[in-house]
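Breakdown of the fold
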Amino acid sequence: MGRGLALDIGGTKIASAIVTDEGALIQRQQIATPRGGTQQLSAALATLIAPYRHQADFIGVASTGIIDKGRLTALNPANLGGLADFPLQDCLQSIADLPCVLLNDGQAAAWAEYQPLKESSDSIVFVTVSTGVGGGIILNKKLLVGNGGLAGHIGHTLSDPLGPWCGCGRRGCVESVASGTAIGAATQEWTQPAPAATVFALARDGDTQAQAIVQRSATAIAHLLADMTIALDLETAILGGSVGLAAGYLEQVIHAQSLLPAIYRLPVRAAYHRQDSGLLGAALWARATL
Ligand code: ADP
Ligand code: BMX
Ligand code: ZN
């Protein structure tokens, strides 16, 4: 199938790379996700794709949002600066005339993370704690995509019925409590509101308010994993995204799990491919599909 041009479109950043036959990522690039709307997103994708289109035989895309029939529909439009609907396949095809396969970012990352576990596991969940909270489920060796692309949107299961409003229109989704955006939003009452990375740094320095915000996020993720394992009888959970991979976060999720009855405790570890799970998963899925 040859070389793939992989893209990972998140609410905060868009990454791209050429993925070789051997699965190596080269020419990796990253830009901030534009927040202006359709034209800005199209232009950003063109910037990343156009210079490399002659080096690739196909395009594989992992993207935030519900990916169905070539369109991106946001479940939480706030994560994309209000963009609710985007003709992703048409946009890519107008930039490069290459075969193109699209997948949700959590689903794609789950697929990449499952590859080294294939021999030992049948059923796993991947959770990205990032701009939002996304996910992907491998059940009995099959990636769940769903008839409408919705499978794995576990960030929109309930964490707290009295919690913050989620951009999807429901109150108290895991995403509204645990995501990087939620961590930043929880500082809005502070004299100096701070983004998630600063909240983590403050927590590490002993700031109790910051520690409570990080702990609330990690506890919500531990309960999410408990709900997933009790519903699906999973063997392993993988954590990704900038919050999920932040120093000390995994340990806090494991601590919150340790407070639950044993049946709810799913072994959890950090993404093997770190920030590249989505890129790699997009290329592997495209290669397997085409
Ligand atoms: P995307 O959502 O585009 O995939 P990321 O995985 O980088 O991107 O997640 C972005 C979120 O992670 C933002 O809310 C940002 O504030 C937060 N974040 C970025 N860097 C860090 C860090 N070092 N520690 C904790 N949170 C971070
Ligand atoms: C949101 C949703 C999911 C996505 C998840 C993680 C939108 C635009 N996105 O729950 O489709 O998988 O965020 O996305 O509705 P990320 O941007 O945090 O990587
Ligand atoms: Zn929601």
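Residues numbered from 1 in each chain as written. Chains lettered and ligands numbered in written order. Predicted model: local features only at pLDDT ≥ 70, side-chain atom pairs only at ≥ 80, totals over all residues. Heavy atoms only, no water.

Throughout the structure, instances matching the rule amount to 4 salt bridges. Close ionic contact of Asp85 with Arg71 constitutes a salt bridge, the shortest N to O distance being 2.8 Å. Here the residue Asp85 occupies a position in strand 7 (residues 85–86), and Arg71 occupies one in strand 6 (residues 71–73), the gap between them amounting to 14 residues. Looking at Arg71, the relative accessible area reads 35%, which means it is partly exposed. (Salt bridge = Lys/Arg side-chain N within 4 Å of Asp/Glu carboxyl O. Helix = DSSP H or I, 4+ residues; strand = E, 2+ residues; numbered from the N terminus. Buried < 20%, exposed > 50% of the residue type's maximum accessible area, 1.4 Å probe, protein only.)

What follows is about the coordination of the zinc ion (ligand 3). Coordination of the zinc ion (ligand 3) by the protein comes from His156 (ND1), Cys166 (SG), Cys168 (SG) and Cys173 (SG), over a distance range of 2.1 to 2.4 Å. Of note is the zinc ion (ligand 3), whose 4 donor atoms meet at the metal with angles of 103 to 119° in an arrangement that counts as tetrahedral. The sequence pattern formed by the donor residues of the zinc ion (ligand 3) is H-x9-C-x1-C-x4-C. (Donors = N, O, S within 2.8 Å, 3.2 Å for Na, K, Ca; no water. Tetrahedral: all angles 85-135°; square planar, octahedral: opposite > 155°, others 65-115°.)

Attention shifts here to helix 3 (residues 105–114). With 10 of 10 residues buried, helix 3 lies mostly within the body of the structure. Among the residues of helix 3, Asp105, Gly106, Gln107, Ala108, Ala109, Ala110, Trp111, Ala112, Glu113 and Tyr114 are the ones counted as buried. Its side-chain oxygen at 2.8 Å from the backbone nitrogen of Gly106, Asn104 defines the N-terminal cap of helix 3. (Polar contact = N/O pair within 3.5 Å; in protein donor to acceptor, adjacent residues only side chain to side chain.)

This next bit is on the site of ligand 1. The full set close to ligand 1 counts 15 residues, and Thr12, Lys13, Ser130, Thr131 and Ser242 are the nearest of them. The backbone of Gly11 places a nitrogen or oxygen atom 3.3 Å from an oxygen atom of ligand 1. Take Thr131: an N or O atom from its side chain is 2.5 Å from an oxygen atom of ligand 1. Broken down by secondary-structure element, the contributors of at least two residues to the shell around ligand 1 are helix 5 (180–185), helix 6 (196–204) and helix 8 (241–244). Among the residues making up the shell around ligand 1, the classes are represented as 5 nonpolar, 9 polar and 1 charged. (Near = heavy atom within 4 Å. Nonpolar A, V, L, I, M, F, W, Y, C, P; charged D, E, K, R; others polar.)

On to the site of ligand 2. In the region of ligand 2, 19 residues are neighbours, and Gly65, Asp105, Ser130, His153 and Glu175 sit closest. Within the backbone of Gly11, one N or O atom sits 2.8 Å away from an oxygen atom of ligand 2. Note that an oxygen atom of ligand 2 is positioned 2.5 Å from one of the side-chain N or O atoms of Glu175. Relative to its unbound accessible area of 460 Å², ligand 2 is 97% covered by the protein chains. A class-by-class count of the residues in the shell around ligand 2 yields 4 nonpolar, 13 polar and 2 charged. (Areas by Shrake-Rupley, 256 points an atom, 1.4 Å probe, with all protein chains shown as cover.)

One ladder, built from 6 bridges, connects strand 2 (residues 13–19) with strand 3 (residues 25–32); its direction is antiparallel. Residue Ser16 lies in a different strand from strand 3, and its bridge partner there is Gln29. If you look at the hairpin formed by strand 2 and strand 3, you'll find 5 residues sitting between the two strands, and Gly23 has a positive phi there, around 85°. (Pairing = 2+ DSSP bridges.)

Bringing the nonpolar core into the picture now. In terms of nonpolar packing, the biggest core is built from 37 residues, with Val125, Val127, Ile221, Leu239 and Tyr249 touching the most fellow members. Mapped onto this core, the elements with two or more residues apiece are strand 9 (124–129), strand 10 (133–139), helix 4 (174–178), helix 6, helix 7 (208–232), strand 12 (236–240) and helix 9 (249–258). One finds Ile9, Ile18, Ala56 and Cys91 within the second-largest nonpolar core, a separate group that totals 27 residues. (Core = buried A, V, L, I, M, F, W, Y, C linked by side-chain atoms within 4.5 Å.)

Attention shifts here to the sheet that holds strand 10. What holds strands together in a sheet is hydrogen bonding between their backbones, with the strands either parallel or antiparallel. Spatial ordering of the open sheet is given by 11-10-9-12-13, a layout of 5 strands whose pairing is mixed. A strand with exactly one partner marks an edge of an open sheet, and here the two such strands are strand 11 (142–143) and strand 13 (268–270). Relative to strand 11, strand 10 runs antiparallel, the two being bridged by 2 bridges. Residue pairing in the sheet places Ile138 in a bridge with Leu143 of strand 11. Most of the contacts of helix 7 go to strand 9, to which it runs at about 160°, and overall it touches strand 9, strand 10, strand 12 and strand 13. (Contact = heavy atoms within 4.5 Å. Axes fitted to C-alpha atoms, helices over the stretch in contact; angles between N-to-C directions.)

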